[in-house]
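If you want the building blocks of each chain, they are given just below.
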Amino acid sequence: MILLCFLTPLRSALAQNALAAGVSAYGAALRAFEQSDTMGMGHYMDLALADYQWATRYDPGWARAWEHYGLLLGHMGRTEEGEQAIRRALRLEPTNFQPWSSLAALYSLAGRHSDAVKAYQQALARYPSYTRALRRLAQSYQQLGDLERALSVYRRMLEVEQSPYNKYRALDDIDVDTEYAYAHYQVGRAAAKGQAAGSRPDALPVAVHEYQELSLIHI
């Protein structure tokens, strides 16, 4: 029993170190991709995959490790294996929004946009003000050609922006949530198109307002 008390924190520390190493290797893979270094990218992707796999072995009960592992498998085209890994994270933390968001991202990578919509809806059922999931849900609708639902989600984002949730965030949270910029742009663009088509007489003021709001967000 005493030995187990020492081994559990050690296992957790090893898992955290492995996950951090995987994140670093994945970042290196992205930089290699930007430099058109195919060999380097493959090397770092393999390193990241091994590190994430070690993280799941060191701490099989850590959902975040399974999410990273599954998403990377998805980036490597191994969607079925990635889905299994992320669904394990869902079983570990069924009330957490993050595994659902990761599963949706995996589906988006695979072009399964209908499945992505359902997964993002599950994430938002657990965290309704999660702006990244809202924006990606809207983009999934756009991929499906459902522009009305996409626009509805972007408008919902603007409601979140004006809500107490956004206005009264923690005092030390000074980061600007740039997700709102996408919503302002898409709503403004839709209004501008409505003005051009002559379908809405109030569309031009709406478009001007949204583009002005967009200019105030520092991306």
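J.: Hey, could you run me through the nonpolar core in this one?
T.: Counting residues in each nonpolar core, the largest one holds 30 residues, and the members touching the most others are Leu103, Tyr120, Leu137 and Tyr154. Listed by contribution, the elements that provide at least two residues to this core are α4 (79–92), α5 (97–109), α6 (113–126), α7 (131–143), α8 (147–161) and α10 (179–197). Those residues in contact with Tyr154, other than ones at most four positions away along the chain, are Arg135, Ala138, Gln139, Gln142, Tyr182, Ala183, Gln186 and Val187. Core analysis: the second largest hydrophobic core is formed by 17 residues, Met45, Ala48, Ala55 and Leu72 among them.

J.: Got a minute to help me understand the packing of aromatic side chains in this structure?
T.: The geometry of an aromatic ring pair is captured by two quantities: the separation of the ring centres and the angle between the planes. Taken as a whole and judged by the stated rule, the model has 5 aromatic pairs. Taking the centre distance of 4.9 Å and the plane angle of 65° together, the rings of Phe97 and Tyr130 count as edge-to-face. You can see Phe97 sitting in helix α5 and its partner Tyr130 sitting in the loop between α6 and α7, a full 33 residues away along the chain. Taken together through their ring pairs, the aromatic side chains of Phe97, Tyr127 and Tyr130 make up a single cluster. In this arrangement the basic side chain of Arg57 is found over the ring face of Trp54, its NZ or CZ atom lying 5.3 Å from the centre.

J.: So what exactly am I meant to see when it comes to the packing of α5 against α6 here?
T.: Two packed helices can be described by the angle between their axes and the distance between those axes. The interhelical angle for the contact between α5 and α6, taken along N-to-C directions, is 165°, at an axis separation of 8 Å. For the element pair α5 / α6, the angle class is roughly antiparallel. You can see that α5 and α6 cross each other, and the crossing is left-handed. In this structure, α5 uses Phe97, Trp100, Ser101, Leu103, Ala104, Ala105, Tyr107 and Ser108 to contact α6, whose residues at the interface are His113, Asp115, Ala116, Ala119, Tyr120, Gln122, Ala123 and Arg126.

J.: Would you explain the environment of Gly61 in this entry?
T.: Secondary-structure assignment places Gly61 in the loop between α2 (38–58) and α3 (63–75). As a C-alpha pair, Gly61 and Ser12 span 49 residues in sequence and 9.7 Å in three-dimensional space.

J.: What's the story with the pattern of salt bridges in this structure? I'm lost.
T.: Side-chain pairs of opposite charge can arise whenever the charged atoms involved come near each other. Scanning all chains against the criterion turns up 8 salt bridges. We note a salt bridge from Arg64 to Glu67, for which the minimum N-O separation is 2.7 Å. Linking Arg64 with Glu67, this pair stays in helix α3, spanning 3 residues, or about one helical turn. Here Glu67 falls in the buried class, since its relative accessible area comes to 2%. Here Arg132 and Glu179 are joined by a salt bridge, their closest N and O atoms 3.8 Å apart. Placement of Arg132 in helix α7 and of Glu179 in helix α10 is noted, with a sequence separation of 47 residues between them. What makes Glu179 buried here is its relative accessible area of 8%.

J.: Any chance you could explain the confidence of the model for the protein here in plain terms?
T.: Fine structural detail should not be taken from predicted coordinates in areas where pLDDT scores are low. Confidence in the prediction of the protein, expressed as mean pLDDT, is 83, and 78% of residues score 70 or more. Across residues 170–174 the pLDDT falls below 50, and counting only partners more than four positions away or on other chains, this stretch makes 0 contacts in the model. Contacts of residues 195–219 to residues separated by more than four positions or lying in other chains number 36 contacts, the stretch itself having pLDDT below 50.

J.: I tried to follow the environment of Trp66 on my own but got confused; where do I start?
T.: Along the chain, Trp66 turns up in helix α3. Considered as a pair, Trp66 and Leu92 are 26 residues apart in the sequence and their alpha carbons are 9.7 Å apart. Look past the residues within four positions of Trp66 in its chain and what remains in contact with it is Thr56, Pro60, Ala85, Ile86, Arg88, Ala89 and Leu92.

Rules used in this analysis
Residues numbered from 1 in each chain as written. Predicted model: local features only at pLDDT ≥ 70, side-chain atom pairs only at ≥ 80, totals over all residues. Heavy atoms only, no water. Core = buried A, V, L, I, M, F, W, Y, C linked by side-chain atoms within 4.5 Å. Buried < 20%, exposed > 50% of the residue type's maximum accessible area, 1.4 Å probe, protein only. Helix = DSSP H or I, 4+ residues; strand = E, 2+ residues; numbered from the N terminus. Contact = heavy atoms within 4.5 Å. Phe/Tyr/Trp six-rings, centres within 6.5 Å; stacked < 30°, edge-to-face > 60°. Lys NZ or Arg CZ within 6 Å of the ring centre and 35° of its normal. Axes fitted to C-alpha atoms, helices over the stretch in contact; angles between N-to-C directions. Parallel < 35°, antiparallel > 145°, perpendicular 65-115°, else oblique. Left-handed = near helix turned anticlockwise from the far one by under 90°. Salt bridge = Lys/Arg side-chain N within 4 Å of Asp/Glu carboxyl O. pLDDT = per-residue confidence, 0-100.

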